[in-house]
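Given next are the chains, with one letter for each unit.
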Amino acid sequence: MCGIVAYLGSQEAYPLLIKGLKRLEYRGYDSAGIAVLNGEGLKAYKRKGKVQELEDFIHSTPPLGKAGIGHTRWATHGIPNDINAHPHLSGNGKLALVHNGIIENYALLKAALEKEGHHFQSDTDTEVLAHLIEEVQNRGQLPLEEAVRIALKRVVGAYAIVVISQDEPGKLVAARKASPLVIGIGKQEFFLASDATPIIEHTRKVVYLNDEEIAVVSLHDGMKVKTIQNEVQTPFIHELDMELESLEKSGFDYFMLKEIYEQPTTIADSMRGRINVEENLVRLGGLGNHIDKICQARRIIIVACGTSWHSGLIGEYLIEDLARIQVEVEYASEFRYRNPIITDEDVVIAISQSGETADTLAALELAKEKGATALGIVNVVGSSIARLTDAGAYIHAGPEIGVASTKAFTGQVALLTMLALVLAKKKGTINPDYFHRLVAELANIPNKVEKVLEYDAEIKYIAREIKDRHNALYLGRGCNFPVALEGALKLKEISYIHAEGYPAAEMKHGPIALIDEQMPVIVIATNKSAYDKIASNIQEVKARKGMVIAVVTERDKAISEMADFAIRIPDTEEPLTPLLSVIPLQLLSYYIAVMRGCNVDQPRNLAKSVTVE
Ligand code: F6R
């Protein structure tokens, strides 16, 4: 949800800002802008559309200056256009600001400022904040950082901001509340951004600002951090653990395809040091002494959104089945507002790729307030959710740039599978032979994912058959029902084909009315325990002339013969099938979207990391 980048140092800011914005474009891409400061003052350029359009617009006369701020936007207040794009300037044009998040009381603030004679150009909440800082500064004759601090005390909502002022060159002021901001520390230079992706090629030393903290970076005085309440803080410098290569497409047409193909490695990475087949061991060090607490918990509540919610549903199937602990999976956005009953006997697990999703973060905060143990399964190291939890486990999938989540999903599922195994062993609810088989098979899953990827050309062929349809139905049973939901979500978000996921048996209770020769039905038919029932569901679709695409295991005969198309995946233990069955669905959506001419990595209306409600 919007990307911020800023630079202060001895290099020209413009090329660094543009490169940084391109790295951040996956966070929002409906408009972009920069402001650069030099001896003549602030020069701001803003453009609707992609960063490339901004670059083309600035073209041959890039602004000179060694300090600047940039932004790539995902619109909240005001349509995407040149005027609403950031940075926003104060009334006197001396101060510019980029902002992620939402200022909820902006209308009240705007009305009060208008009374003081302020005029606004845009429809945004951000411009109001720029004017508010100017007003506070002018009234009190305050230094920039003090004006920002006092202005932010009047703001209700979420923000990550960077402010630059021509009256105080050699300085940037940044602040955060519920929206991430990272400060990279170089040699006599600073790189500020909403995540580490534009920073990594310049420095590995970073400080993650905490909520309600303000940082001043200055060429003369270095970095100083204080809270909005004016308490001085000692910033903690982290070492970034991220490879630059993971931010490049490396020869793939899209990040999404690259990330699908990375899954043999990322699943293996999620298990590295955690699984030992010879010793018949699974351990999740990050959860350490919380494992006993989970085993004794009244129930586990998983809170998440979107794809992460789907992986949570798979976790529910596995943990309840193997470890016999009650699990509830909640949409974080509903959980946080419905006054849920939570006690200190509950364990709440937040699942999030970004670790920044506003609803998931708020759900976790609520759970903590009510005394629950708060755990996390997160991808982005150092993210807000990771820092809020009592303990947790990273999935180690590396940066996920494609807006549609793929490798993070399988990383989450691998982690939840390990968690189910750890809990089951501890509680003694699993037969030791079965435990051993599952551990050995889980360790072998990356090889089997490689095998699924070998069916790429066949999946592409099937994509051609579906690409012009308007609807699709995905069916699955047991732990493959959430995979059906995930397959449907992938299709709709990147190809804009309407798709629904259902438990296969639910089809008779309504969706069957939709089936005719125009309706492709994608059925995950790998569950041995429900094979005959799934076969009957397929017959019901065929009887109504629906087109059946079945995901089956390699030696399958009966369902493959019934289906119009069969996609084969290697056989595995049933609880592990989601790690394989989701891969062809990801590829299918990818190829359909490409064939429909969609921008797979930057689908319309979406953005990675939903840091606003
Ligand atoms: C779908 C997708 C989203 C995210 C959701 C939660 O492909 O990516 O549905 O899963 O916005 O995001 P995280 O996992 O970052 O909390």
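Above this text you will find the structure in question.
Summarised in this report is the structure supplied together with it. Predicted model only: the values in this text are computed from it and were never measured.

## Looking at the side chain of threonine 553
Inspection of the secondary structure assignment puts threonine 553 in strand E26 (residues 547–553). Judged by its relative accessible area of 15%, threonine 553 falls in the buried class. With residues up to four places along the chain from it excluded, the contact list for threonine 553 reads Thr526, Arg568, Ile569, Pro570 and Asp571.

## Looking at the layout of surface pockets
Approximately 940 Å³ is the volume found for the largest pocket. Along the walls of the largest pocket sit 44 residues, with Asp241, Met242, Asn379, Gly398 and Pro399 positioned nearest its centre. Every element with two or more residues in the lining of the largest pocket is listed here: strand E15 (238–239), helix H7 (263–271) and helix H12 (384–388). If one sorts the elements of the lining of the largest pocket by residue count, H7 sits on top with three residues. Along the lines of polarity and charge, the residues of the lining of the largest pocket split into 13 nonpolar, 16 polar and 15 charged. Counting contributing residues per domain, the lining of the largest pocket is built from domain 1 (3–240) and domain 2 (243–451), each supplying no fewer than three. Taken as a whole, the second largest pocket encloses approximately 610 Å³ of empty space. Lining the second largest pocket are 27 residues; nearest its centre among them are Cys305, Gly306, Thr307, Ala607 and Val610. In the lining of the second largest pocket, the residues fall into 12 nonpolar, 11 polar and four charged.

## Regarding empty space enclosed by the protein
Applying the stated criterion across every chain, the model contains three cavities of 30 Å³ or more. One number sums up the size of the largest cavity: a volume of about 70 Å³. Along its surface, the largest cavity is lined by 14 residues, and Val5, Leu16, Phe191, Pro198 and His202 are the ones closest to its centre. Within the residue set of the lining of the largest cavity, elements represented by two or more residues are strand E1 (3–8), helix H1 (13–24) and strand E10 (190–193). Ranked by residues supplied to the lining of the largest cavity, first place goes to H1 with five residues. Classifying every residue of the lining of the largest cavity gives nine nonpolar, two polar and three charged. One number sums up the size of the second largest cavity: a volume of about 60 Å³. Forming the boundary of the second largest cavity are Cys2, Arg73, Trp74, Ala75, Thr76, His77, His86, His99, Gly101, Thr124, Asp125 and Thr126. Within the lining of the second largest cavity, the residues separate by chemical class into three nonpolar, seven polar and two charged.

## Some details on the site of the ligand
If you check the shell around the ligand, you find 15 residues, and the closest are Ser308, Ser352, Ser354, Thr357 and Glu493. Take serine 308: an N or O atom from its side chain is 2.5 Å from an oxygen atom of the ligand. The separation between an oxygen atom of the ligand and a polar main-chain atom of valine 403 is 3.4 Å. Surface burial for the ligand is 87%, taken as the share of its 400 Å² of free accessible area covered by protein chains. A molecule is said to occupy a pocket when more than half its atoms come within 2 Å of that pocket's grid points, and by this definition the ligand occupies the second largest pocket. Listing elements by their share of the shell around the ligand, those giving two or more residues are helix H9 (306–323) and helix H16 (481–495). Here the residues of the shell around the ligand are counted per class, giving five nonpolar, eight polar and two charged. Domain assignment of the residues forming the shell around the ligand places at least three in each of domain 2 (243–451) and domain 3 (454–600).

How each quantity is defined
Residues numbered from 1 in each chain as written. Predicted model: local features only at pLDDT ≥ 70, side-chain atom pairs only at ≥ 80, totals over all residues. Heavy atoms only, no water. Helix = DSSP H or I, 4+ residues; strand = E, 2+ residues; numbered from the N terminus. Buried < 20%, exposed > 50% of the residue type's maximum accessible area, 1.4 Å probe, protein only. Contact = heavy atoms within 4.5 Å. 1 Å grid on protein atoms, 1.4 Å probe; cavity = no way out; pocket = protein on both sides within 12 Å on 5 of 7 lines; lining within 4 Å. Points joined across faces, edges and corners; volume = space filled by probe spheres on them. Nonpolar A, V, L, I, M, F, W, Y, C, P; charged D, E, K, R; others polar. Domains from an automatic or database assignment. Near = heavy atom within 4 Å. Polar contact = N/O pair within 3.5 Å; in protein donor to acceptor, adjacent residues only side chain to side chain. Areas by Shrake-Rupley, 256 points an atom, 1.4 Å probe, with all protein chains shown as cover. Sits in = over half its atoms within 2 Å of the grid points.

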